[in-house]
Amino acid sequence: MTYFITQFINGLQIGAIYALIALGYTMVYGIIKLINFAHGDLMMVGAYIAFFALSNWGLPIYLAAAVSMVGTAILGVVIDRIAYKPLRDASRLSALITAIAVSLLLQNACMLLFSSSPRRFPTVTANLPTISIGNSTVNVIVFISIALAIALMIILNLFVNKTRIGKAMLAVSEDMRAAQLMGINVDFIVSLTFAIGSALAAFAAVLYLFSYPQIEPYMGAMPGIKAFIAAVLGGIGIIPGAMVGGFLLGIIESMAKAYIPSAFSQVTDAVVFLVLILVLLIKPSGLMGKPEKVKV
Amino acid sequence: MPKKKIRSYLINIAAALLVFSVVYLALQLGWINSYYRSILILICINSIMTISLNLATGLLGELCLGHAGFMAVGAYTAALISLNSGLSPYLSLTLGILTGAVTAGITAFIVGIPALRLRGDYLAIITLAFGQIITILIRSLGFTGGALGLNGIPLLTDFPLTFWMLIVTMYIVYALIRSRQGRAILAIREDDIAAEASGINVTHYKMLAFVISAMLAGVAGALYAHYQGVLTPEKFDYNYSIDFMVMVVFGGMGSITGSILAAVVLTILPQLLYGFSDYRMLLYSILLIALMIFKPSGLLGQKELSQRVFQRLGRQLWGKKAQTVPAETDIPTTVVDEDTYLTEQGSGDSGVGGSSTRGQENLPVSGTPIAEAEGKHQERLGLDTQGDEPLARKQKGRR
């Protein structure tokens, strides 16, 4: 039982990370109907910025996380302005190919700049106490991560639902043209969405590094895909859906890792994809999604 | 068969034979050394891959990010047959190519089931996941040789074989696109809602195109296995899929001859620029972004290098009087707006013609029902006249 609880808590932690990344996917998708393939790589860039802020500039971890969030947000907005904005009215395929190209660009640029050899993120959790559950211990950072992620999500939810700008975001995702006619500055909203999504990805990167302190140019790919699956699981384009989907996927993955015999350890990643396939087969609009109407 | 059709078949077969005999003669006489011979074979294999990916991406309009995965399925199937069947080499190669195609097709069918029933970009994610999983699977399974891969596959792939397989591939894709089924596939690319409203079974035709595309990739994989002699799972990674995607986009989404052109250029270029390999993917990504912004349809767009282009070129070069160039021989490979189509035919200066130099058939139909319906549909929408390519017209904001 304690094993189950520890695995459950681990699942919540990784799920919180997926949820934060999935929020970026889902917000961008909700507004410009684009799967931003570069989102996972934005998380990777966030990890590098946090790493340099921490080890080269000697900033404390919370400042490093803030620097990383701001830096990644700016990068996200720049990417949108340069690569995606000219394609707003182009075909989905062109936009999708551009997103893949941006992802490749980030990966390869980081590889040339920082080399492909992984760097080790300094441990900031060494002095923190551990909490024992039965006969196993869990570092308190795990709980802090989960709490921080949830706090951030609550703030985001309040922002989106209560403030004027947040409501404008919802309006744009509902109908971009109508929102524009109502006097909403759509370009600003799109940029803001990219900024928020990227900042959340950077924050997720810092949380990710607490548990997996390895930084390399391809580190964003897998969490990126999994977070996308989490977004689809919860219902793509729906903000609470991404949160639920993220936590659920984290728990599923953690349980799969815990209970699938280690001989098949490489197959655990496949479990996550199985979730995607099942969602697409059974309820493609996701857990919290409503079936979409097709309009011409 | 109409006379015109037979004539263009003959011209294309003659052209293919001419190209083949020139290159083959050069190979036999030793003008081309073994290094360039292997590049020639690689060009043919990459061309097959690019054409097959173009069928899924350029003609069907679905993004496939795991095409190297289907190639891997074909390659490993063919290699295992060659290594274990005990048949005579060429018999097992033939068997390998056929089974490779079939297994890749079956895999594509399974991969396609969840994604192709839906609207939206799910195929991109599913194939991306498939590309990752297939390498993991090959690495963990016993009979595929694990991470060490398969060794000692007989080197049976030579230039004539790959060349004629490429011709067959071109023929298959052209014949498909000219057929009723092909029209349906193009209609889906242009507007799946309109296609569905016209009574086209969208999922069925999406699946058809996707499975054929994967089968051709399986053929390319089988050829590759017997060209390289060694197979490792790492070879068929994400970047390899992206290589083909770059070739498709570079050559022109929907252009078969453009695919070949791109495969030739992008196969030779990395070989020439040795030491450029570190920057290759970086440059590819910048190239892709720039292409998407400035010329989203790729270099050739949906145009083809066709008989007409060469005839016109010949006329210009030798200043001959206009020969019998039947104006209505070609219909675009694309479903073009009526007005665009008319202007292009009227001005007569573009190579929209769908007929290529090789393996094609001409249907003297001007404006199929689908094209007309589509054209009117687009006209009625009338939202975006700025896009100069039909592909660019698909509205993204639409839900």
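Up top is the structure.
Residues numbered from 1 in each chain as written. Chains lettered and ligands numbered in written order. Predicted model: local features only at pLDDT ≥ 70, side-chain atom pairs only at ≥ 80, totals over all residues. Heavy atoms only, no water.

### What about the overall build of chain A?
Filter applied, for reference: Secondary structure elements follow DSSP: runs of H or I no shorter than four residues count as helices, runs of E no shorter than two count as strands, and numbering proceeds from the N terminus. Type-normalised accessible area, obtained with a 1.4 Å probe on protein chains alone, sets the label of each residue: buried when under 20%, exposed when over 50%, and partly exposed for intermediate values. Two residues qualify as a contact provided that any one of their heavy atoms is within 4.5 Å of a heavy atom in the partner residue. Accessible surface is estimated by sampling points in the Shrake-Rupley manner with a 1.4 Å probe; for residues, cover comes only from the protein chains shown.
Looking only at helices and strands, one finds 11 helices and four strands in chain A. Burial statistics for chain A: of 296 residues in total, 55% are counted as buried. For chain A, contacts bridging at least 24 residues in sequence account for 75% of all contacts bridging at least 6. Total accessible area on chain A is roughly 12,200 Å²; 68% of this is exposed by carbon and sulfur atoms.

### A closer look at the interface of chain B and chain A
For interface size, the figure often reported is the accessible area lost on association. Going by this rule: Summed over both partners, the accessible surface that disappears when two parts come together, traced with a 1.4 Å probe, is what is meant by buried area. The working definition used for a salt bridge is a side-chain nitrogen of Lys or Arg within 4 Å of a carboxyl oxygen of Asp or Glu. Under this grouping Gly is polar, as are all residues other than the nonpolar Ala, Val, Leu, Ile, Met, Phe, Trp, Tyr, Cys and Pro and the charged Asp, Glu, Lys and Arg.
Between chain B and chain A, the contact holds 49 residues from the first and 48 residues from the second. Surface buried jointly by chain B and chain A totals about 4,700 Å² across both partners, of which 72% is contributed by carbon and sulfur atoms. B:Asp121 is paired through a salt bridge with A:Arg92; the nearest N and O atoms lie 3.6 Å apart. Secondary-structure elements contributing two or more residues to the side of chain B that touches chain A are helix 4 (89-116), helix 5 (122-140), helix 10 (238-251) and helix 12 (277-294) of chain B. Of the residues contributing to the side of chain B that touches chain A, the split by class is 29 nonpolar, 10 polar and 10 charged.

### With respect to unusual backbone geometry
Backbone geometry at A:Lys33 places phi at a positive 55°, although glycine is not the residue there. A:Lys33 sits in the buried class, given a relative accessible area of 11%.

### Some words on the nonpolar core
Test applied: We call a set of buried residues a nonpolar core when its members are Ala, Val, Leu, Ile, Met, Phe, Trp, Tyr or Cys and they connect through side-chain atoms within 4.5 Å of each other.
Judged by nonpolar contacts, the single largest core of 214 residues is most densely connected at A:Phe37, B:Leu231 and B:Phe236. With 17 residues, the top contributor of residues to this core is helix 9 (residues 202-228) of chain B. Those residues in contact with B:Leu231 that sit more than four places away from it in its chain are B:Ala75, B:Tyr76, B:Ala79, B:Leu148, B:Gly149, B:Leu150, B:Ile153, B:Tyr224, B:Ala225 and B:Phe236.

### Considerations on the pairing of strand 2 (residues 130-133) of chain A
Formally: One requirement defines pairing of two strands: DSSP has to find at least two bridges between them.
Across four bridges, the pairing between strand 2 of chain A and strand 3 (residues 136-139) of chain A is antiparallel. When the sheet's bridge partners are listed, A:Thr130 is paired in strand 3 of chain A with A:Asn139.

### Overview of the packing of aromatic side chains
Residue and element names in this part refer to chain B. Let me state the cut-off plainly: Here the aromatic set is Phe, Tyr and Trp, taking the six-membered ring for Trp, and pairing holds for ring centres within 6.5 Å; pairs whose planes are under 30 degrees apart are stacked, those over 60 apart are edge-to-face, and all others are tilted.
In the structure shown here, the tally under the stated rule is 24 aromatic pairs over all chains. Centroid distance Tyr224 to Tyr227: 6.1 Å. Interplanar angle 50°. Geometry classified as tilted. Of this pair, Tyr224 and Tyr227 both sit in helix 9, three residues apart, which is roughly one turn of that helix. Given a relative accessible area of 4%, Tyr224 falls into the buried group. Take Tyr227: its relative accessible area is 18%, and that puts it in the buried class. Where Phe236 meets Tyr240, the ring centres are 6.1 Å apart and the plane angle is 70°; that geometry is what we call edge-to-face. Accessibility classification places Phe236 together with Tyr240 in one group, the buried group. Linked through ring pairs, Tyr76, Tyr224, Tyr227, Phe236, Tyr240 and Phe244 together constitute an aromatic cluster.

### Overview of the pattern of salt bridges
The full count for this structure, using the stated rule, is nine salt bridges over all chains. Between A:Glu253 and A:Lys257 there is a salt bridge; the shortest N-O distance is 3.8 Å. You can see A:Glu253 and its partner A:Lys257 sitting in helix 10 (residues 239-259), four residues apart, about one turn around the helix. Looking at A:Glu253, the relative accessible area reads 2%, which means it is buried. A salt bridge links B:Glu190 to B:Arg189; its shortest N-O distance comes to 2.9 Å. With respect to class, B:Glu190 is no different from B:Arg189; both count as buried.

### Quick look at the side chain of B:Ser82
Residues and elements named next belong to chain B. Relative to the helices and strands, Ser82 resides in helix 3 (residues 67-84). A relative accessible area of 12% means that Ser82 is categorised as buried. Excluding anything up to four places from it in sequence, Ser82 contacts Ser92, Leu93, Pro154 and His226.

### Things to note about helix 5 (residues 140-162) of chain A
Because an α-helix completes one turn every 3.6 residues, residues spaced three or four positions apart along the sequence face the same direction. Residue and element names in this part refer to chain A. We apply this condition: In a helix, the anticipated span is given by 1.5 Å times the number of residues less one.
Here helix 5 spans 32 Å end to end across 23 residues, near enough to the 33 Å set by a 1.5 Å rise per residue. When helix 5 is considered as a whole, its buried residues turn out to be Val140, Ile141, Val142, Ser145, Ile146, Ala149, Met153, Leu156 and Val160. The secondary structure elements touched by the buried residues of helix 5 are helix 1 (2-32), strand 2, strand 3, helix 6 (164-174), helix 8 (186-211) and helix 10.

### Some details on a nonpolar patch on the surface
As a reminder of what qualifies: Patch construction takes residues with relative accessible area above 30% that form no salt bridge. Like charges are linked within 9 Å, and nonpolar side chains (Val, Leu, Ile, Met, Phe, Trp, Tyr) are linked within 5 Å.
On the surface, a nonpolar cluster with roughly 830 Å² of combined accessible area is contributed by A:Leu274, A:Leu278, A:Leu281, A:Ile282, B:Val102, B:Ile106, B:Phe109, B:Ile110 and B:Ile113. For the nonpolar patch, the secondary-structure elements that each account for two or more residues are helix 11 (268-282) of chain A together with helix 4 of chain B. Here the nonpolar patch takes five residues from helix 4 of chain B, the largest share from any one element. Inspection of the secondary structure assignment puts B:Val102 in helix 4.

The analysis is restricted to geometry; functional conclusions fall outside its scope.
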